[in-house]
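Structure at a glance
So the chains spell out like this:
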Amino acid sequence: MKLSLWVGACACLAVLIGCGPSEAEKIKAEMKAAETAEVKITEIVEGTGPQAKEGDIVYVLYRGTFAKDGKQFDTNMDDVKNQLPFSFTLGMKGAVIEGWQKGLAGMKQGGTRKLEIPSVLAYGSRGQGDKIPPDADLNFEVKLLYVFDPKEPGAYNFEDTTVGTGPEAKLGDHVEIHYRGEYLTGKRWDDTRERGKSVSFKLTEDSGAIPGLRDGIVGMKAGGKRTLLLPHTLVFGQGGSRYVQGGQPVRIEVELLAVNGQKG
């Protein structure tokens, strides 16, 4: 099942094609019930990062189970090292089921919630293919990995794990680094130490380096280590590259070996 497909009662009601009178009335009743239905939210872990609001792109891990018997029907949590986060725009009609829209609003990055969603806010009387039967109440465990605000495409986070003692990197300098790049699930897309070779380039726009990596090194001192958390807009955008999938935020651990040939 793909949660990005909202195939509930709305599609049928829009034109009422193929719906008999009784079915159309049932769908209308479901939509009316959905207006006042609520999602039960249990805060398992309260996040400490940005709070998700309408218009943000959110990146999540999730596990879906049936409320009736606890049986799992979908997840991207079981093999995170080989999977990527699921993402959608909060508040965009049709992006996901309404129970997710209500259940994730106001959630903070780094948090985990349990969502108990009534069928009228999920897939209603029509169900979803072979996986979701009609009138099924659903439970989801959702971990919010990242919140991206499209109004701030250049914003990123970093943390210095080791402060270097050598010269400080400035725009225009030539740097030598080791780095490890991962998606937010921990799936790795590059590691220079595994390849056995460091990377050298100038801190200029035409260097060919990942923009967020280039900018994130500025201010580091040789011998230092820094972890960057970059949105897709500071990697390779929606298009991605041969190494990095487009539209995904990444985590890059950087070790600055030398600045203009001087080590820390």
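Preceding block: the structure.
Residues numbered from 1 in each chain as written. Predicted model: local features only at pLDDT ≥ 70, side-chain atom pairs only at ≥ 80, totals over all residues. Heavy atoms only, no water.

Structural notes on unusual backbone geometry
Phi is positive for Asp135, which is not a glycine, with a value near 60°. When you line up the elements, Asp135 lands in the loop between β5 (112–117) and β6 (138–148). In this structure, Asn260 is a non-glycine residue whose phi angle is positive, near 50°. Asn260 sits in the partly exposed class, given a relative accessible area of 44%. (Helix = DSSP H or I, 4+ residues; strand = E, 2+ residues; numbered from the N terminus. Buried < 20%, exposed > 50% of the residue type's maximum accessible area, 1.4 Å probe, protein only.)

Some remarks on the packing of aromatic side chains
Aromatic ring pairs are reported here in terms of the distance separating the ring centres and the angle at which the planes meet. If you walk through the whole model with that rule in mind, you get 11 aromatic pairs. Aromatic side chains Tyr62 and Phe86 sit 6.0 Å apart centroid to centroid with 75° between the ring planes, which places their arrangement in the edge-to-face category. One end of the pair, Tyr62, is in strand β2 (residues 57–66); the other, Phe86, is in strand β4 (residues 86–89), with 24 residues separating them in the sequence. Grouping residues by exposure puts Tyr62 and Phe86 together as buried. When the centroid spacing of 5.9 Å and the interplanar angle of 80° are considered together, the rings of Phe86 and Trp100 count as edge-to-face. (Phe/Tyr/Trp six-rings, centres within 6.5 Å; stacked < 30°, edge-to-face > 60°.)

What to know about the environment of Ala33
The residue Ala33 is located in helix α2 (residues 21–36) in this model. Classification of Ala33 by relative accessible area gives partly exposed; the value is 34%. Residues Ala33 and Leu121, 88 residues apart in the sequence, show an inter-C-alpha distance of 8.9 Å.

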